[in-house]
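Below are the chains, spelled out letter by letter.
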Amino acid sequence: MSNLPISADLIAEHNAKGLEALHEDYEALGRKLARTGIDIDAIKKRVAGFSVAVPSWGAGRGGTRFAKFPIPGEPTNIHEKLEDCSVINQLSTVTPRVSPHFPWDKVADYKALREEASELGLGWDAVNSNTFQDQVGQAHTYANGSLSSQDAGARQQAVEHNIECIEIGRQLGSTDLTVWVGDGTNFPGQQDFARSLDRYLDSAAQIYAALPGDWRMLLEHKMFEPAFYSTVISDWGSSILAAQTIGERCKCLVDLGHHAPNVNIEQIVARLHRFGKLGGFHFNDSKYGDDDLDSGSINPHQLFLVFNELAEAEANPRDGFNPSYMIDQSHNVTDPIESMLSSAEAITACFAKASLVDRAALHGAQEANDTMMAFQALRRAYNVDVAPILAMARVEAGGAIDVLAAYRASGYRARKAQERKAVGLGAGIV
Ligand code: AOS
Ligand code: ZN
Ligand code: ZN
Ligand code: ZN
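Since the model is a prediction, treat every value here as computed from it, not as a measurement. (Residues numbered from 1 in each chain as written. Chains lettered and ligands numbered in written order. Predicted model: local features only at pLDDT ≥ 70, side-chain atom pairs only at ≥ 80, totals over all residues.)

**So, the overall build of the chain**
Helices and strands together make up the secondary structure of the chain, namely 15 helices and 12 strands. The C-alpha atoms of the chain give a radius of gyration of 22 Å, which matches the 22 Å a tight globule of 430 residues would have. When the 430 residues of the chain are sorted by exposure, 46% land in the buried category. Nonlocal contacts in the chain, meaning residues at least 24 apart in sequence, comprise 79% of its contacts between residues at least 6 apart. (Helix = DSSP H or I, 4+ residues; strand = E, 2+ residues; numbered from the N terminus. Rg over C-alpha atoms; globule rule 2.2 N^0.38 Å. Buried ≥ 20, exposed ≤ 12 C-beta atoms within 10 Å, placed from the backbone. Contact = placed C-beta atoms within 7 Å.)

**A short note on the UniProt feature "domain: Xylose isomerase-like TIM barrel" (unreviewed entry) in the chain**
Under the UniProt annotation, "domain: Xylose isomerase-like TIM barrel" (unreviewed entry) lies at residues 109–296. The straight-line gap between the two end C-alpha atoms of residues 109–296 is 37 Å; of that span, 37% is helix and 16% is strand. (UniProt positions renumbered as here; feature names shortened; annotations may be inferred.)

**Topic: the pairing of strand β6 (residues 176–179)**
Of the two faces of β6, both are covered, the one formed by D176 and T178 as well as the one formed by L177 and V179. Taken together, strand β5 (residues 127–129), helix α5 (residues 152–172) and β6 constitute a β-α-β crossover, and its handedness is right-handed. Direction of pairing for β6 relative to strand β8 (residues 216–220): parallel, over a ladder of 4 bridges. Within β8, the position partnered with T178 by the bridge is L218. (Right-handed = clockwise from strand over helix to strand, strands pointing away. Pairing = 2+ DSSP bridges.)

**What about the sheet that holds strand β4 (residues 123–124)?**
Pairing is parallel in the open sheet, where 3 strands are placed in the order β1-β2-β4. Looking at the sheet topology across the chains shown, the edges are occupied by β1 (54–55) and β4.

**Re the sheet that holds strand β3 (residues 101–102)**
Pairing is parallel in the open sheet, where 7 strands are placed in the order β3-β5-β6-β8-β10-β11-β12. Edge positions in the open sheet fall to β3 and β12 (324–327), since each of these has one partner strand only. Two strands pair when backbone bridges link them, and strand β10 (residues 250–255) and strand β11 (residues 278–283) are joined in this way by 4 bridges, in the parallel orientation. Considered in β11, the bridge of L253 is made with G280. Contacts from α5 reach β3, β5 and β6, with the element oriented near 160° to β5. (Axes fitted to C-alpha atoms, helices over the stretch in contact; angles between N-to-C directions.)

Right, here's the structure in full:
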């Protein structure tokens, strides 16, 4: 790791200013938690073992179908995106893996790309295939769907693309393939619900057959968009049925923004785990739909409740507990590095708070039908300000006490604005 983009001196200098206050806060919180029998160092150790991947596409400014507003110094290729992801990991110390998307991140030499990432302190998370848009020169259009298309040529092309993604992932060192398809319809009657699912299952089975023995295939459901009447894998029901049909190592991925408003996502998480099908997450937040807003910015309590179910699942692994965590956001009005620093902190905070829940008290209250005390067991943990635990874990791992302040002090983006070529205007990819 000789090529890290932020100097260790800058981080040390920044931390020196806040270290005394951090120790005071950490000790005060430690005394408070000790009164309820919690060892703060044990929680800090758990936090130090937590990580969440970042999406390569999240490093660039997102956009809407109306417009995209690039910022100076924005990355334009996977190499620059890796560099930005490295900044996020250096300062936060919780984002050591990047999830690539193909063909967006296509390069000629993946062995070299893996090496490049490793020099930046980064590994690779799930590989994402893209059969939701046509590429220049493509033989068959995805306008009428990909894995579920009536056109056998389009289906075959989509299957082959996913198999190519697996091959790229093998070279990078990934072990998960995430499949999200936009397949669906805009009009009643446009397609037969049963037959389109049949075709999807048949195509997905061909991809699954090409999966290496230690890989998982993660199916990401989404209620709507780009299809606005029906979507082939629209909900966790369709997703788990498909995963059960496809095979043992086919699991479900929950993107928090892909549900109807007010749906009880934490219960979905518990259900998927109960049947051994919880594969992973795309963290983000939303107010209306697939808004891809920053994690915890709208409903941090929901994020906490999701992590509470994950803590329950971890304590009761049933068929195993190995969900992959990553961010999937669109940063339309912020510097993407700042958004991901802030989001990684919000996600880790919810993980830490869920670790503080007195499980014995919670379960005891549940058994005794003591509703208020069951709720209070969660509320007590949610109300704790875990910031000193997170900051201490970061400092001990070489990160920054205040990630955003350190990032701004580094002048990184302004430096990149000098070095990188400007992004053209145009519609963005959400
Ligand atoms: C789309 O809504 C999904 O969230 C997918 O995860 C998608 O591959 C990703 O957001 C990139 O567009
Ligand atoms: Zn997603
Ligand atoms: Zn989405
Ligand atoms: Zn999204």
